[in-house]
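One-letter residues, chain by chain:
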Amino acid sequence: MKNTRQILGLAFMSFALTSMYGCDLKPKKATTEPVLIQSFTTSDEKPKTNTVKIALLLDTSNSMDGLINQAKSQLWDIVNKFTYAKCGNEERPELQIALYQYGNDNLSSREGYIQQVLNFSGDLDEISEKLFSLTTNGGEEYCGEVIHTSLKQLNWGENPDNLKMIFIAGNEPFTQGKLNYKDAVTNAKEKDIVVNTIYCGNYEQGISSDWKNGATLTGGEYIAIDHNRKVVHIDTPYDDVIIQLNSKLNKTYISYGAMGSANMEKQSTQDSNAYELEEAVAVKRAVSKSSRLYKNKNWDLVDASDDESFDITKVKEDELPKELKGKSKAEMESYVQEKKSDRIKIQKEIQTLNAKREKFIAEQQKEGGKGELENAMLEAIKKQAAKKDYKWEE
């Protein structure tokens, strides 16, 4: 079960990481325009192009704490790698992640011990928050049922150019439960969704318990990992500076709206959660926050201002931060622009330092030093993305 957790981390991060559609092979004209807290996608919402949808199905039964911890830390590795993805039409894809837990006795037996923790979301803070909310307990692990549930509940879309993937991790037989996994994965294939399986344990045992067949039926990847293997993070001379820059980066956010303050607090909490895992994880999160995938236009005026249709005067006075109350439109826009300039500068500094950091790590890292789960997950993503005309430019 520990193995399963490690796997999920990677996938999540697959972790991870934001309404998902993949690469449109032909350029198109722009269209006009759980605690179980979910971000629901309405049926009449306009689909976005160039988005990748990844559903992570994590086993949270007994002894899976290692898997969860891997998911928490590996999320940022996956996100950071994804910033280099480019579609065949030269556009950068968005990333959305959904999260399910299964095999936990604290969940409803009537629902098959399955729970949707998060609907498809590109909010990296929300994804992190939901990962940190997971706890483990004994239970029955029904792989076919959780795959079927994710197919039924999530809005996968019908665009054949979109990249849609499921990563399911666990260590019990893939055949458990009343719902035949073959029916579930066949349904996934019909919807152009690739199922990748991660077995925490011996490679041959995963084959004999049908984990490999579950992936093969959809053209997905079967991965077995050594859950006892611990990834050693390499400290670099750039880590402390990046963490300091992250604190400065947070000061460029201008919260607005009914949930602005709460979301700013969530940002700070997830910084702390990452740091408590390990300083290297906090560094990776800071790098993610300096990337194009970390956007918060729903509560931050700087990101909101990137939308040409956004009008700051439409924000109610009582939903503005104290710094902008009673200010003219020109004064408010000037303040937002100042914060935006500061943010761009800080993000560039983080990216420059991270390039040096990665070079340092590459020089110090021993062969096999990278997490095998991370490598396996990224390899599966890149392989399947290539079929949708994605490429990776680092």
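Conventions and cut-offs
- Residues numbered from 1 in each chain as written.
- Predicted model: local features only at pLDDT ≥ 70, side-chain atom pairs only at ≥ 80, totals over all residues.
- Heavy atoms only, no water.
- Helix = DSSP H or I, 4+ residues; strand = E, 2+ residues; numbered from the N terminus.
- Buried < 20%, exposed > 50% of the residue type's maximum accessible area, 1.4 Å probe, protein only.
- Areas by Shrake-Rupley, 256 points an atom, 1.4 Å probe, with all protein chains shown as cover.
- Polar contact = N/O pair within 3.5 Å; in protein donor to acceptor, adjacent residues only side chain to side chain.
- Core = buried A, V, L, I, M, F, W, Y, C linked by side-chain atoms within 4.5 Å.
- pLDDT = per-residue confidence, 0-100.
- Contact = heavy atoms within 4.5 Å.
- Pairing = 2+ DSSP bridges.

1. Topic: the overall build of the protein
The number of helices and strands found in the protein is 13 helices and eight strands. Sorting the 394 residues of the protein into buried and exposed places 52% on the buried side. Accessible area for the protein stands at about 18,100 Å²; split by element, carbon and sulfur atoms hold 46% of it.

2. Description of helix α3 (residues 124–132)
Burial analysis of α3 places seven of its nine residues in the buried class, which makes it a mostly covered element. Those residues of α3 lying buried are L124, D125, E126, I127, S128, K130 and L131. Capping of α3 at its N-terminal end is provided by D123; its side-chain oxygen lies 3.1 Å from the backbone amide nitrogen of D125.

3. Focus: the nonpolar core
Nonpolar side chains tend toward joint burial in soluble globular proteins. Membership of the largest hydrophobic core comes to 57 residues, with the highest contact counts inside it found for V52, I54, F82, L95, L99, F167 and I381. Per element, the largest residue contribution to this core is eight residues, and it comes from helix α2 (residues 65–82). Listed in part, the 26 residues of the second largest apolar core include A98, F120, L154 and V195.

4. With respect to the confidence of the model for the protein
On average, residues of the protein carry a pLDDT of 85, and 83% of them reach 70 or more. Residue range residues 1–22 is modelled with pLDDT below 50. Its contacts to residues more than four positions away, or to other chains, number 183 contacts. When the criterion is pLDDT under 50, residues 25–47 qualifies, and its contacts beyond four places in sequence or with other chains add up to 32 contacts.

5. Some points on the pairing of strand β1 (residues 51–59)
With respect to burial, β1 is a largely interior element, nine of its nine residues being buried. Side-chain alternation along β1 places T51, K53, A55, L57 and D59 on one buried face and V52, I54, L56 and L58 on a second face that is also buried. One ladder, built from nine bridges, connects β1 with strand β3 (residues 94–102); its direction is parallel. Looking at β3, one finds that T51 is bridged to E94. Pairing of β1 with strand β5 (residues 163–170) involves seven bridges; the strand directions are parallel. Bridge pairing in β5 links L56 to F167.

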